[in-house]
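Each chain is listed here by its residues.
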Amino acid sequence: MAAHNVTIFSPYPFSEGQKINIAGGPRQGDWEVIAVTERKVKLRCPISFREFEWDRFCYFSEERQGTEWPQKD
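Residues numbered from 1 in each chain as written. Predicted model: local features only at pLDDT ≥ 70, side-chain atom pairs only at ≥ 80, totals over all residues. Heavy atoms only, no water.

J.: Quick question: what am I supposed to make of the overall build of the protein here?
T.: The helix and strand tally for the protein stands at zero helices and four strands. Mapped in sequence order, the helices and strands of the protein form the string β-β-β-β. Against the globule reference of 11 Å for 73 residues, the protein gives a C-alpha radius of gyration of 15 Å, more extended than a compact globule. C-alpha atoms of the protein, sized along the principal axes, occupy 50 × 25 × 20 Å. (Helix = DSSP H or I, 4+ residues; strand = E, 2+ residues; numbered from the N terminus. Rg over C-alpha atoms; globule rule 2.2 N^0.38 Å.)

See the structure below:
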């Protein structure tokens, strides 16, 4: 078999209470993780307090320390 450069993605291990920021796409912005199952993640907007449950979709990209959350536009 030939050797290739391969990019590996791993599902992010969410935990309840996490404050997250999704950097792009239709779900971009600040969220609080309020529930996690093996297949789903439930997020709450810290501004409107609306809640959404989606199939797990995030992958770890970067973690920042000392970042303001929620961010002001």
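Still more ground to cover, so stick around.
J.: I would appreciate a short explanation of unusual backbone geometry in the present structure.
T.: Phi is mostly negative for residues that are not glycine, and the peptide bonds are mostly trans. The phi dihedral of phenylalanine 49 falls on the positive side, at around 65°, and the residue is not glycine. Summarising the element assignment, phenylalanine 49 is placed in the loop between strand 3 (40-44) and strand 4 (51-55).

J.: Mind showing me how you'd approach the nonpolar core here?
T.: Note that soluble globular proteins tend to have their nonpolar side chains buried in a common cluster. Tyr12, Phe14, Ile20, Ile22, Trp31, Val33, Val41, Leu43, Cys45, Trp54 and Cys58 form the largest nonpolar core, which has 11 residues in total. Listed by contribution, the elements that provide at least two residues to this core are strand 1 (19-22), strand 2 (29-36) and strand 3. Discounting chain neighbours no more than four positions away, the residues touching phenylalanine 14 are Ile20, Val33, Val36, Val41, Arg56 and Cys58. (Core = buried A, V, L, I, M, F, W, Y, C linked by side-chain atoms within 4.5 Å. Buried < 20%, exposed > 50% of the residue type's maximum accessible area, 1.4 Å probe, protein only. Contact = heavy atoms within 4.5 Å.)

J.: Any chance you could explain the pattern of salt bridges here in plain terms?
T.: A side chain of one charge can pair with a side chain of the opposite charge if their charged atoms are brought near each other. Throughout the structure, instances matching the rule amount to five salt bridges. The salt bridge involving glutamate 32 is made with lysine 19; its shortest N-O contact spans 3.5 Å. Taken as a pair, glutamate 32 in strand 2 and lysine 19 in strand 1 lie far apart in primary sequence, 13 residues in all. Among the ionic pairs, lysine 40 bridges to aspartate 55, the shortest N-O distance being 2.7 Å. (Salt bridge = Lys/Arg side-chain N within 4 Å of Asp/Glu carboxyl O.)

J.: What am I meant to see in the sheet that holds strand 3 here?
T.: Sheets are built from strands that pair by backbone hydrogen bonding, the pairs being arranged parallel or antiparallel. The strand order 1-2-3-4 describes an open sheet built from four strands, whose pairing is antiparallel. The sheet is open, and its two edges are formed by strand 1 and strand 4, each paired on a single side. Each strand axis lies, on average, 40° off the axis of its neighbour in the sheet, ignoring direction. Looking at chain direction, strand 2 and strand 3 are connected through four bridges and run antiparallel. Counted as the bridge partner of valine 36 is valine 41 from strand 3. (Pairing = 2+ DSSP bridges. Axes fitted to C-alpha atoms, helices over the stretch in contact; angles between N-to-C directions.)

J.: Help me out: how do you make sense of the confidence of the model for the protein in this one?
T.: Parts of the prediction with low pLDDT should not have their coordinates interpreted in detail. Summary statistics for the protein give a mean pLDDT of 87 and a share of 95% for residues scoring 70 or more. When pLDDT is averaged over each helix and strand of the protein, the minimum, 93, is found for strand 1 and the maximum, 97, for strand 2. (pLDDT = per-residue confidence, 0-100.)

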